[in-house]
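Given next are the chains, with one letter for each unit.
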Amino acid sequence: MARVLITGGAGFLGSHLCDKFIGKGDEVICMDNFVTGSPDNIAHLFGNKNFKFIHHDVTEYIYVEGDLDYILHFASPASPIDYLKLPIQTLKVGSLGTHKTLGLAKAKNARFLIASTSETYGDPLIHPQPETYWGNVNPVGMRGVYDEAKRFAEAMTMAYHRFHGVDTRIVRIFNTYGPRMRLQDGRAIPNFINQALSGQDVTVYGDGSQTRSVCYVDDLIEGIYRLLMSDEVYPVNIGNPDEITMLDLAKEVISIIGNDAKIIFEDLPADDPKIRQPDTTKANAILKWNASIGRKEGLEKTIADFRKRLGK
Ligand code: NAD
Ligand code: UDP
């Protein structure tokens, strides 16, 4: 039985990670300050003897009693509308929060995994993106607060590995969706589903020709777990390579919901990447991992969760 600290554990991905470790019979300490997360995401775990919650901002000194085997640092606003509203907090949690959690990993002799992102590739000039690509990020643009915080977090993680010998892992997560995303999260899939189910127009930014490759949460969590259990210290992409334009994605969501929601076009946010697709050769080779849940199945499960929460 392992003892695991999950920062950002009350968020979308963090709460699914808590479920994964609790399901394995491990002890989970979930740490969150609810800046973008919610107690609703972990309410089902309260009362479980293997689950403990600590309300704490991880940019401040972190105290955890007892041993820790693993630390998964997932705390950070992740939706562009969140990190545009919380630019300083986003920079702090990626830098100071990563420093604090790495310091804790060193003190507890725990294995550390950082949630990095496909945003480290910025608006990519290489397609699909392999881990060896250094990226094309605008440091002073609106997205710079998130992208550079994550790039700093990767550099800090490698420094603790090289200088202090901390056992570290870096996952570069590509767009992931699924149950528990906030209705007002602002990212494409929750927006499209919430809008179509609530009788609003579905907002596509720009002309909708920009692409993403979207991964269902269960696939991502399995990939992260395999990476944590592997020996790979350098970054590994985890994502579903099935690429789609945002206009086609909006149409697909509306067609699965089966109503006549109208698509409207709004301004494209600054520095919005034009294309994105993970090269998952490395994850296939070293983790024997592939995304297995298709978009239709994943969207149906996500829509069912949104319907329940919206009472539709
Ligand atoms: P989320 O907003 O649902 O979850 C983030 C959680 O971190 C929230 O519960 C929030 O309250 C918490 N948090 C933020 N700052 C904190 C602080 N200072 N102290 C304590 N808790 C704090 O977002 P998510 O989609 O679950 O993303 C989780 C992680 O995965 C983030 O690090 C994000 O950058 C990374 N990621 C996610 C995706 C994706 O597609 N979902 C893609 C790439 C990377
Ligand atoms: N997007 C959109 N309509 C929305 C929300 C997002 O067309 O209501 C677009 C956004 O401009 C981007 C893509 O969908 O091109 C994915 O956006 P998201 O916020 O999900 O994640 P990103 O990959 O940009 O961080």
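Right above here is the structure, for reference.
Notes on the structure follow.

Cut-offs and rules
Residues numbered from 1 in each chain as written. Chains lettered and ligands numbered in written order. Predicted model: local features only at pLDDT ≥ 70, side-chain atom pairs only at ≥ 80, totals over all residues. Heavy atoms only, no water. Near = heavy atom within 4 Å. Polar contact = N/O pair within 3.5 Å; in protein donor to acceptor, adjacent residues only side chain to side chain. Areas by Shrake-Rupley, 256 points an atom, 1.4 Å probe, with all protein chains shown as cover. Helix = DSSP H or I, 4+ residues; strand = E, 2+ residues; numbered from the N terminus. Nonpolar A, V, L, I, M, F, W, Y, C, P; charged D, E, K, R; others polar. Buried < 20%, exposed > 50% of the residue type's maximum accessible area, 1.4 Å probe, protein only. Core = buried A, V, L, I, M, F, W, Y, C linked by side-chain atoms within 4.5 Å. Phe/Tyr/Trp six-rings, centres within 6.5 Å; stacked < 30°, edge-to-face > 60°. Lys NZ or Arg CZ within 6 Å of the ring centre and 35° of its normal. Right-handed = clockwise from strand over helix to strand, strands pointing away. Pairing = 2+ DSSP bridges. Axes fitted to C-alpha atoms, helices over the stretch in contact; angles between N-to-C directions. Left-handed = near helix turned anticlockwise from the far one by under 90°. Contact = heavy atoms within 4.5 Å. Expected span 1.5 Å × (residues − 1).

Overview of the site of ligand 2
Taken together, 18 residues sit near ligand 2, with T203, Y205, R212, D272 and R276 positioned nearest. Taking A188, its main chain carries an N or O atom lying 2.8 Å from an oxygen atom of ligand 2. Here an oxygen atom of ligand 2 sits 2.8 Å away from a polar atom, N or O, in the main chain of Y205. Against a free-state accessible area of 510 Å², the protein chains account for coverage of 95% of ligand 2. Of all the secondary-structure elements, those providing two or more residues to the shell around ligand 2 are α5 (188-197) and β8 (202-205). Grouping the amino acids of the shell around ligand 2 by side-chain chemistry returns seven nonpolar, five polar and six charged.

Some thoughts on unusual backbone geometry
With an omega dihedral of -10°, the bond running from H127 to P128 counts as a cis peptide bond. Topologically, P128 is positioned in the loop between β5 (111-117) and α4 (144-164). The backbone of N109 sits at a positive phi, close to 55°, despite the residue not being glycine. Of note, N109 is situated in the loop between α3 (87-108) and β5. Residue classification places N109 among the exposed residues on the basis of a relative accessible area of 70%. Despite not being glycine, D271 shows a phi value in the positive range, around 60°.

Considering the nonpolar core
Among the nonpolar cores identified, the biggest contains 59 residues, and F21, L72, F74 and I224 are the most heavily contacted of them. In terms of nonpolar packing, the next biggest core, distinct from the first, is built from 24 residues, L104, F112, I170 and V233 among them.

Details of the packing of aromatic side chains
Across all of its chains, the model carries eight aromatic pairs by this definition. On the numbers, 5.2 Å between centres and 15° between planes, the contact of F34 with F53 is stacked. Pair noted here: F34 is in the loop between β2 (27-32) and β3 (51-55) and F53 is in strand β3, with a separation of 19 residues, a long-range link. Connected via pairs of aromatic rings, a cluster forms that spans F34, F46, F51 and F53. Looking at K20, its charged tip hangs above the ring of Y225, at a distance of 5.1 Å from the centre. Positioned over the ring face of F306 is R309, at 4.8 Å from the centre of the ring.

Examining the pairing of strand β1 (residues 3-7)
Within β1, five of the five residues are buried, leaving the element largely enclosed by the surrounding structure. Handedness of the crossover joining β1 and β2 through helix α1 (residues 12-23): right-handed. Inspection of the sheet shows β1 paired to strand β4 (residues 70-73) by four bridges, in the parallel sense. Bridge pairing links T7 to H73 in β4.

Here we look at the packing of α1 against helix α6 (residues 217-229)
Packing of α1 against α6 leaves a shortest axis separation of 10 Å and a crossing angle of 65°. Our pair here, α1 against α6, has a crossing hand that is right-handed. Residue-level contacts link F12, L13, H16, L17, K20 and F21 of α1 to V217, L220, I221, E222, I224, Y225 and L228 of α6.

Remarks on the site of ligand 1
Around ligand 1, 29 residues are found, and the nearest of them are L13, D32, T36, Y146 and K150. Y146 is positioned with one of its side-chain polar atoms (N or O) 2.5 Å from an oxygen atom of ligand 1. In this structure, T176 approaches ligand 1 through a main-chain N or O atom, which is 2.8 Å from an oxygen atom. For the shell around ligand 1, the elements supplying multiple residues, two or more each, are α1, β5 and α4.

What about α1?
Look at α1: 17 Å from first C-alpha to last across 12 residues, which is about the 16 Å you get at 1.5 Å a residue. Taking burial as the measure, the 12 residues of α1 include 10 buried ones, the bulk of the element. Listed as buried for α1 are F12, L13, G14, S15, H16, L17, C18, K20, F21 and I22. Just downstream of α1, G25 is the residue with a positive phi angle, here 90°.

Some points on the side chain of R212
By secondary structure assignment, the location of R212 is in strand β9 (residues 211-213). Since its relative accessible area comes to 8%, R212 is described here as buried. A polar contact of 2.8 Å, which involves the side chain of R212, links it to the backbone oxygen of P273.

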